[in-house]
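# Structural features, examined
Chain by chain, the residues run as shown.
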Amino acid sequence: RAVWWEAGSPIRDSTALTTLRERAIATAASQVLRRQGRPCRLDLLADGVAEQFPTSCITCEEVLDVLATRGDLFAQVAPGIFMDVSRVHLRQVADRLVRVLRRHGVPCHWQLIASMIAHQHPRLQVSEAAVQDVLQARKDLFRPVSPGVYWLADEGSGSARQGDA
């Protein structure tokens, strides 16, 4: 199928990766793009992914479908040219999470944090899964205070608003 997106915009699709094969293709595509260190043409990207699966037939269409479902990992920077944006995106998400928690002043449940990020930074298009991933992975920035509730690792108890009670 031929699918084109506006250059520079993340690829978006509500379809989640449902099979192990799709996840493996996404991981392989990310590895190929990281090795390249720069945006890559779809045909070269598909060839690089196919090299990692010598016993399977991987088509350009299949790679394109995976790229389309993972806008949090890949962006099309020009027609048929893709780049890995996962690291940049997760860094931006972590930065926004810190800002939101500081502004809010108290520890919050991850779903509330995700909702605040979505409301305050709609162009970032942060999924709840990305919020959870960043909160759990960045122990240097965030710490759990109870199940599902997070606060900044460098802050005290999060009682900046105690006087407001």
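Every value quoted in this text rests on a predicted model; they were computed, and no experiment measured them. Numbers given to residues run from 1 along each chain, matching the order in which its sequence is written. Residues qualify for local features only when their pLDDT is at least 70, as the model is predicted, and side-chain atom pairs are given and counted only at 80 or more; totals for whole chains, interfaces and linings, by contrast, use all residues. Side-chain figures throughout are based on the complete set of non-hydrogen atoms in the structure, without hydrogens or water.

## Examining the overall build of the protein chain
Comment: elements are numbered from the N terminus, with helices defined as DSSP H or I runs of at least four residues and strands as E runs of at least two. A count of helices and strands for the protein chain gives six helices and six strands. Along the chain direction, N to C, the helices and strands of the protein chain fall in the order α-β-α-α-β-β-α-β-α-α-β-β. To sort residues, take the accessible area from a 1.4 Å probe on protein chains only and compare it with the maximum for the residue type: under 20% means buried, over 50% means exposed, and anything in between is partly exposed. Per-residue burial for the protein chain yields a buried fraction of 38% across its 165 residues. The contact criterion used is simple: two residues touch if any of their non-hydrogen atoms lie within 4.5 Å. Excluding contacts between residues fewer than 6 apart, the proportion of contacts in the protein chain whose partners are at least 24 apart in sequence is 59%. Accessible surface, the protein chain: about 9500 Å² in total, of which carbon and sulfur atoms supply 52%. For the area figures, the Shrake-Rupley method with a 1.4 Å probe applies, and any residue is considered shielded solely by the protein chains shown.

## So, the packing of helix H1 (residues 20–36) against helix H3 (residues 60–69)
Look at H1 against H3: their axes get within 9 Å of each other, and the N-to-C directions meet at 85°. Compared by their axis directions, H1 and H3 come out roughly perpendicular. Listed contacts from H3 to Arg21, Glu22, Ile25 and Ala26 of H1 are Glu62, Val63 and Val66. The convention used is that axes are lines fitted to C-alpha atoms, helices contributing only their stretch in contact, and that angles between N-to-C directions extend from 0 to 180 degrees. Angles are sorted into four bins: roughly parallel if under 35 degrees, roughly antiparallel if over 145, roughly perpendicular if 65 to 115, and oblique for all others.

## Concerning the environment of Arg21
Mapped onto the secondary structure, Arg21 falls in helix H1. Distance in space between the C-alpha atoms of Arg21 and Ile58 is 9.9 Å, their sequence separation being 37 residues. Setting aside its immediate chain neighbours within four residues, Arg21 contacts Ser56, Cys57, Ile58 and Glu62. Identification of polar contacts relies on pairs of N or O atoms within 3.5 Å, with a donor-acceptor requirement for protein atoms, meaning one able to donate a hydrogen and the other able to accept it, and with residues adjacent in sequence counted only if both atoms are side-chain atoms. A polar atom in the side chain of Arg21 sits 2.7 Å from the backbone oxygen of Cys57.

## Concerning the pattern of salt bridges
Every case where a carboxyl oxygen of Asp or Glu lies within 4 Å of a side-chain nitrogen of Lys or Arg is listed as a salt bridge. The final tally for this structure, using the stated rule, is six salt bridges. Notably, a salt bridge pairs Arg99 with Asp95, separated by 3.0 Å at the nearest N-O pair. With Arg99 and Asp95 both in helix H4 (residues 86–104) and four residues apart, the pair spans about one turn of that helix. Residues Arg138 and Asp140 are paired through a salt bridge, measuring 2.8 Å at the closest nitrogen-oxygen approach. For Arg138, a relative accessible area of 29% translates into the label partly exposed. Here the salt bridges share partners, and the residues they tie into one network are Asp95, Arg96 and Arg99.

## Section: the nonpolar core
Core analysis: the biggest nonpolar cluster contains 22 residues, and Leu97, Leu101, Ile113, Val126, Val131, Leu135 and Phe142 have the highest contact counts within it. Elements with a minimum of two residues in this core: H4, helix H5 (110–120), helix H6 (128–137) and strand S6 (149–152). Ranked by residues supplied to this core, first place goes to H4 with six residues. Discounting chain neighbours no more than four positions away, the residues touching Ile113 are Leu97, Leu101, Cys108, Val131, Leu135 and Tyr150. Here the nonpolar core consists of buried residues drawn from Ala, Val, Leu, Ile, Met, Phe, Trp, Tyr and Cys, with membership extended through side-chain atoms lying within 4.5 Å.

## A short note on the pairing of strand S2 (residues 74–78)
Note that S2 and strand S3 (residues 81–84) share four bridges and pair antiparallel. Looking across to S3, one finds that Ala75 is bridged to Met83. A pair of strands counts as paired when DSSP detects no fewer than two bridges linking them. Connecting the antiparallel pair S2 and S3 is a turn made up of two residues, with Gly80 showing a positive phi of about 80°.

## Observations regarding the sheet that holds S3
Spatially, three strands are ordered S1-S3-S2 in an open sheet, and the strand pairing comes out antiparallel. Both edges of this open sheet fall to strand S1 (40–41) and S2, since each of them pairs with a single strand only. Pairing geometry for S1 and S3, over two bridges, is antiparallel. Paired with Cys40 across the strands is Phe82, a residue of S3.

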